[in-house]
Amino acid sequence: MTAKEYLNRIREKDNEINRKQQRLEALRNIAFNTSPHYESEAVQRTREKSPLENIMVKIVDLDKEIDSDIDALVDLKVEVWEQLDKMSDEIQKRILWLRYAEYKTWSNIAAVINFTPRYVYKLHIKALDELDAILKNRTV
């Protein structure tokens, strides 16, 4: 796995969480607009779940899944930071963090560290090369 692929895992996990949160919101909207059906039930009949009950079960399950994914994202960010900490240049480390963990644009990063966007991009390439070497040594 290249350094760029490794760092992009943060955004992928974040996007996955966002998609699940959107599904959760849609399920909640459906649940609030679904009315329960009160029907008389025969004694000793196998009870089937109502549509509202099914939706509520999905909401609870998806909510737990999102919590688990958020924990995984936090763990991933900690892991990435530990790898970035092994880099020698603080500016390059900061560029990678701003770009991949905070999703900043090149011009935003340039403004933060007071360099031109073109120079930031060059430093980014050097930083990726250094992180590639660190990651290769980690897996050996």
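Below you will find a few notes about this structure.

What counts, and where the lines are drawn
Residues numbered from 1 in each chain as written. Predicted model: local features only at pLDDT ≥ 70, side-chain atom pairs only at ≥ 80, totals over all residues. Heavy atoms only, no water. Axes fitted to C-alpha atoms, helices over the stretch in contact; angles between N-to-C directions. Helix = DSSP H or I, 4+ residues; strand = E, 2+ residues; numbered from the N terminus. Parallel < 35°, antiparallel > 145°, perpendicular 65-115°, else oblique. Left-handed = near helix turned anticlockwise from the far one by under 90°. Contact = heavy atoms within 4.5 Å. Nonpolar A, V, L, I, M, F, W, Y, C, P; charged D, E, K, R; others polar. Phe/Tyr/Trp six-rings, centres within 6.5 Å; stacked < 30°, edge-to-face > 60°. Buried < 20%, exposed > 50% of the residue type's maximum accessible area, 1.4 Å probe, protein only. Lys NZ or Arg CZ within 6 Å of the ring centre and 35° of its normal. Salt bridge = Lys/Arg side-chain N within 4 Å of Asp/Glu carboxyl O.

### A closer look at the packing of helix 2 (residues 51-84) against helix 3 (residues 90-100)
Here is step 1 of the chain: At a minimum axis separation of 10 Å, helix 2 and helix 3 run at an interaxial angle of 160°. Taken together, the axes of helix 2 and helix 3 lie roughly antiparallel to each other. As for how helix 2 packs across helix 3, the hand of that crossing is right-handed. Where helix 2 abuts helix 3, its residues Lys 77, Val 80, Trp 81 and Leu 84 lie against Lys 93, Leu 96 and Trp 97.
Here is step 2 of the chain: Partitioning the contact of helix 2 with helix 3 into residue classes produces five nonpolar, no polar and two charged.

### A look at the packing of aromatic side chains
Here is step 1 of the chain: In the structure shown here, the tally under the stated rule is three aromatic pairs.
Here is step 2 of the chain: Residues Trp 106 and Tyr 121 carry aromatic rings whose centres are separated by 5.0 Å and whose planes lie at 90° to one another, so their mutual orientation is edge-to-face. With Trp 106 in helix 4 (residues 106-113) and Tyr 121 in helix 5 (residues 117-139), the pair connects residues that are 15 residues apart, well separated along the chain.
Here is step 3 of the chain: For the pair Phe 115 and Tyr 119, a centre-to-centre distance of 5.1 Å together with 70° between the ring planes defines the contact as edge-to-face.
Here is step 4 of the chain: For Phe 115, a relative accessible area of 31% puts it in the partly exposed group.
Here is step 5 of the chain: Taking NZ or CZ as reference, Arg 99 lies 4.1 Å from the ring centre of Trp 106, over its face.

### Examining the pattern of salt bridges
Here is step 1 of the chain: According to the stated counting rule, one finds seven salt bridges in the structure shown.
Here is step 2 of the chain: Between Lys 93 and Asp 85 there is a salt bridge, with the nearest N and O atoms lying 3.2 Å from each other.
Here is step 3 of the chain: By relative accessible area, which is 3% here, Lys 93 ends up buried.
Here is step 4 of the chain: Lys 93 is the partner of Glu 90 in a salt bridge, and the nearest nitrogen-oxygen pair spans 2.8 Å. Taken as a pair, Glu 90 and Lys 93 lie in helix 3 at a separation of three residues, close to a single helical turn.
Here is step 5 of the chain: Of the residues examined, Glu 90 reaches a relative accessible area of 54% and is grouped as exposed.
Here is step 6 of the chain: What you see here is one network of salt bridges that share partners, running through Lys 13, Glu 16, Lys 20, Glu 65 and Asp 69.

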